[in-house]
Amino acid sequence: QVQLVESGGGLVQPGGSLRLSCAASGSIVSTNAMGWYRQAPGKQRELVAVLQTAGITNYADSVKGRITIFRDTAKNTVYLQMNSLRPEDTAVYYCNWVVRSFNYWGRGTQVTASS
């Protein structure tokens, strides 16, 4: 089993920044990838960013250049640094951890970009 605990969400003005954290514990030795997804009201969950254990990253086109995913291996934590936030970034953000091709999800953290 893998447990994921997210933190760092909140309310920020458009143009502002937030950093999300996701700390993993449990059986994560065979991790394949880590990522962040988001779901806005009335919309499907969508990929924001993914980081494969080989170091390869992928981002949604809508966040390229503004959002960065990175990890601290020693802390078993993956981060999402979000800059230049826009109202359309408002959503619940979910941490995803893939271990032996099985997906684990955090409970989500709310991010709201609004004036």
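In case you missed it, the structure is sitting above this.
Each chain has its residues counted from 1, following the order in which its sequence is written. Totals for whole chains, interfaces and linings use all residues, but because this is a predicted model, local features are given only for residues with pLDDT of at least 70 and pairs of side-chain atoms are given and counted only at 80 or more. Heavy atoms from the whole structure form the basis of all side-chain values; hydrogens and water molecules are not counted.

Undergrad: Explain the overall build of the protein to me, and be specific about the residues and the numbers.
TA: Only runs of H or I of at least four residues qualify as helices and only runs of E of at least two qualify as strands under DSSP, and these elements are numbered from the N terminus. Per the secondary structure count, the protein includes zero helices and eleven strands. Each helix and strand of the protein, placed in order from N terminus to C terminus, yields the pattern β-β-β-β-β-β-β-β-β-β-β. In this treatment the radius of gyration is a C-alpha quantity, and the globule benchmark scales as 2.2 Å times the residue count to the 0.38 power. At 13 Å, the protein has a C-alpha radius of gyration in line with the 13 Å of a compact globule built from 115 residues. Seen through its principal axes, the protein has C-alpha atoms that stretch 40 × 25 × 25 Å. Contact definition: two residues touch when any of their heavy atoms are within 4.5 Å. Intrachain contacts of the protein at a sequence separation of at least 6 include 52% that bridge at least 24 residues. Within the structure as shown, the protein displays about 6300 Å² of accessible surface, and the carbon and sulfur contribution to it stands at 47%. Counting rule applied: Lys, Arg positive; Asp, Glu negative; His and chain ends not counted. To locate a charge, take atom NZ for lysine, CZ for arginine, CG for aspartate or CD for glutamate. Within the protein, one finds 11 positive and 6 negative side-chain charges whose respective centroids are separated by 5 Å. All accessible areas in this document rest on Shrake-Rupley with a 1.4 Å probe, and a residue is counted as covered only by the protein chains that are shown.

Undergrad: So what's going on with the state of the cysteines? Which residues, and what values?
TA: Note on terminology: a disulfide is the covalent bond linking the sulfur atoms of two cysteines. To count as a disulfide, a pair of cysteine sulfur atoms needs to be within 2.5 Å. Throughout the structure, instances matching the rule amount to one disulfide. Across the disulfide from C22 sits C95; the S-S distance is 2.0 Å. Because the torsion about its S-S bond is -80°, the bridge between C22 and C95 counts as left-handed. Highlighted residues: C22 in strand β3 (residues 18–26) and C95 in strand β9 (residues 91–99), separated in sequence by 73 residues. When sorted by exposure, C22 lands in the same class as C95, which is buried. Buried, partly exposed and exposed residues are distinguished by accessible area as a fraction of the type maximum, computed with a 1.4 Å probe on protein chains only: under 20%, between the cut-offs, and over 50%, respectively.

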